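Residue strings, one per chain:
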Amino acid sequence: MVQQVLINEDDYYVPDANQLITENDTLDNFATSKQKRLLIGSLYSSLQNQTFLAEANVGIYYTDLQPPIVPDVFLSLDVQVPQNWWEKQNRCYMVWRFGKPPEVVLEIVSNKEGDELGKKLKIYEHIRASYYIVYDPNQQLSEKILHVYELRGTRYFETSETWLEQVGLGITLWEGKFEDRQDTWLRWCYQDGNVLSTGDERAEQERQRAEQAEQRTQLLAERLRAMDVDPDTL
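Note that the coordinates shown come from a computational prediction; the quantities given were computed from them, not determined experimentally.

K.L.:
Would you take a moment to explain the sheet that holds strand E5 (residues 104-108) for this structure?
P.N.:
Adjacent strands of a sheet pair through backbone hydrogen bonds, lying either parallel or antiparallel. Pairing within the open sheet is mixed, and its 6 strands lie in the order E1-E3-E5-E6-E7-E8. Where the open sheet ends on each side, the last strands, each with one partner, are strand E1 (52-55) and strand E8 (155-159). Direction aside, the axes of adjacent strands within the sheet are offset by 15° on average. One ladder, built from 5 bridges, connects strand E7 (residues 146-152) with E8; its direction is antiparallel. If you follow Glu150 over to E8, its bridge partner there is Phe157. Across the face of the sheet, helix H3 (residues 119-127) comes into contact with E5, strand E6 (131-135), E7 and E8 while running at roughly 120° to E8.

K.L.:
Is there a simple way to think about H3 in this case?
P.N.:
An α-helix turns once every 3.6 residues. As a result, residues three or four positions apart point the same way. For H3, the complete set of buried residues consists of Lys120, Leu121, Ile123, Tyr124, Glu125 and Ile127. On its buried face, H3 is in contact with strand E2 (60-61), E5, E6, E7 and E8. Following H3 by one or two positions, Arg128 adopts a phi angle in the positive range, close to 75°.

K.L.:
Is there a simple way to explain the nonpolar core in this structure?
P.N.:
Soluble globular proteins tend to pack their nonpolar side chains together in the buried interior. Ranked by size, the top nonpolar core spans 24 residues in total, and within it Leu43, Leu75, Val104, Leu164, Leu169 and Trp188 carry the most contacts. Of all the secondary-structure elements, those providing two or more residues to this core are helix H1 (30-46), E1, strand E3 (73-77), E5, E6, E7, strand E10 (169-178) and strand E11 (181-189). The contact partners of Leu75, leaving out residues within four places of it in the chain, are Leu43, Phe52, Leu53, Ala54, Pro102, Glu103, Val104, Leu169 and Trp188.

K.L.:
Would you mind showing me how to read the pattern of salt bridges here?
P.N.:
When charged atoms on two side chains of opposite charge get close, those side chains can pair. Throughout the structure, instances matching the rule amount to 10 salt bridges. Glu125 is the partner of Lys122 in a salt bridge, and the nearest nitrogen-oxygen pair spans 3.9 Å. Of the two residues, Lys122 and Glu125 are both situated in helix H3; the distance of 3 residues between them amounts to about one turn of the helix. Given the relative accessible area of 9%, Glu125 is considered buried. Here Glu158 and Lys144 are joined by a salt bridge, their closest N and O atoms 2.7 Å apart. Residue Glu158 is located in strand E8, and its partner Lys144 is located in the loop between E6 and E7; the two are separated by 14 residues in the primary sequence. The exposure class of Glu158 is partly exposed, given its relative accessible area of 37%. For Lys144, a relative accessible area of 38% gives the class partly exposed. What emerges from the salt-bridge pattern is a single network uniting Lys34, Arg37 and Glu179.

K.L.:
What is the right way to read the pairing of E6 from this model?
P.N.:
For a regular strand, the rule is simple: side chains alternate between the two faces of the sheet. Most of E6 is tucked away, with 5 of its 5 residues classed as buried. Neither face of E6 is exposed, since Tyr131, Ile133 and Tyr135 on one face and Tyr132 and Val134 on the opposite face are all buried. This β-α-β element, E5 to H3 to E6, shows right-handed connectivity. Looking at chain direction, E6 and E7 are connected through 5 bridges and run antiparallel. Looking at E7, one finds that Tyr131 is bridged to Glu150.

K.L.:
Help me understand the packing of aromatic side chains, please; the structure alone is not making it clear to me.
P.N.:
The geometry of two aromatic rings is summed up by the distance between their centres and the angle between their planes. Going through the model one piece at a time under the given rule, you end up with 8 aromatic pairs. Pairing Phe74 with Tyr93 gives two aromatic rings, centres 5.3 Å apart and planes at 75°, and the pair type is edge-to-face. Remark: Tyr93 occurs in strand E4 (residues 93-94) and Phe74 occurs in strand E3; sequence separation between them is 19 residues. In this pair, the class of Phe74 matches that of Tyr93, namely buried.

K.L.:
Help me understand the side chain of Arg187 in this model?
P.N.:
By the element assignment, Arg187 lies in strand E11. The buried category is assigned to Arg187, whose relative accessible area is 1%. In this structure the side chain of Arg187 is engaged in a polar contact, spanning 2.7 Å, whose partner is the backbone oxygen of Leu196. A polar atom in the side chain of Arg187 sits 2.8 Å from the side chain of Glu201. If we ignore the near neighbours within four places in the chain, the residues touching Arg187 are Leu38, Leu39, Gly170, Ile171, Thr172, Trp174, Val195, Leu196, Ser197, Thr198 and Glu201.

K.L.:
Got a minute to help me understand the sheet that holds E11 in this structure?
P.N.:
Taking strand neighbours across the sheet as the criterion, the 3 strands line up as E9-E10-E11 in an open arrangement whose pairing is antiparallel. A single partner strand is all that each edge strand has here, and the edge strands are strand E9 (163-164) and E11. By the bridge criterion, 2 bridges tie E9 to E10 in an arrangement that is antiparallel. Bridge assignment links Trp163 to a residue of E10, and that residue is Gly170.

Rules used in this analysis
- Residues numbered from 1 in each chain as written.
- Predicted model: local features only at pLDDT ≥ 70, side-chain atom pairs only at ≥ 80, totals over all residues.
- Heavy atoms only, no water.
- Pairing = 2+ DSSP bridges.
- Helix = DSSP H or I, 4+ residues; strand = E, 2+ residues; numbered from the N terminus.
- Axes fitted to C-alpha atoms, helices over the stretch in contact; angles between N-to-C directions.
- Contact = heavy atoms within 4.5 Å.
- Buried < 20%, exposed > 50% of the residue type's maximum accessible area, 1.4 Å probe, protein only.
- Core = buried A, V, L, I, M, F, W, Y, C linked by side-chain atoms within 4.5 Å.
- Salt bridge = Lys/Arg side-chain N within 4 Å of Asp/Glu carboxyl O.
- Right-handed = clockwise from strand over helix to strand, strands pointing away.
- Phe/Tyr/Trp six-rings, centres within 6.5 Å; stacked < 30°, edge-to-face > 60°.
- Polar contact = N/O pair within 3.5 Å; in protein donor to acceptor, adjacent residues only side chain to side chain.

Printed below as a string of structure tokens:
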């Protein structure tokens, strides 16, 4: 067995964590990375009969005069990644190749440097993404945890509505456990409020249904035996 040697902080210079870059436009922290997996994974687990493209940290090119913008998460309906995704022109989301912008772009606020309610909002408005969502779990930008903007004409208007009519999905804050981490998570939901399940949640739901079916079968067998009927002969 390999014995793990713990680092003694007395033997090392320990920098001030507040002076370190723990996240930026290309660097994730633990929380945002896990949140993105939840949002993307639940879409692909639950919407298997729909055609869409959802990704995290993939660049969106909207003009040849500007660098791409890289949302934390985007959702684009009725499009697919080209077959040869290793070709340079197929490696990211080029609006002119897909023929439209994503319907939903989402930013998760990690610090006050991203300008999610300023520059990024203006870019997504220019791209004409139908919905722009800013999730600010630590309330770094304002007292609101969730900002939802809907495109009306050519302008974004903030709304309190969390049902995204044009994509047939909603968003909700959900208390629970994901990948063994209990926390408050941003999740997609149906109109009735039920969240889209992850692959693990779907597997657990199937296990519970099978267990309940087995219990019903056993109960029925016991009742038949109580009536002197052998269930194995039926």
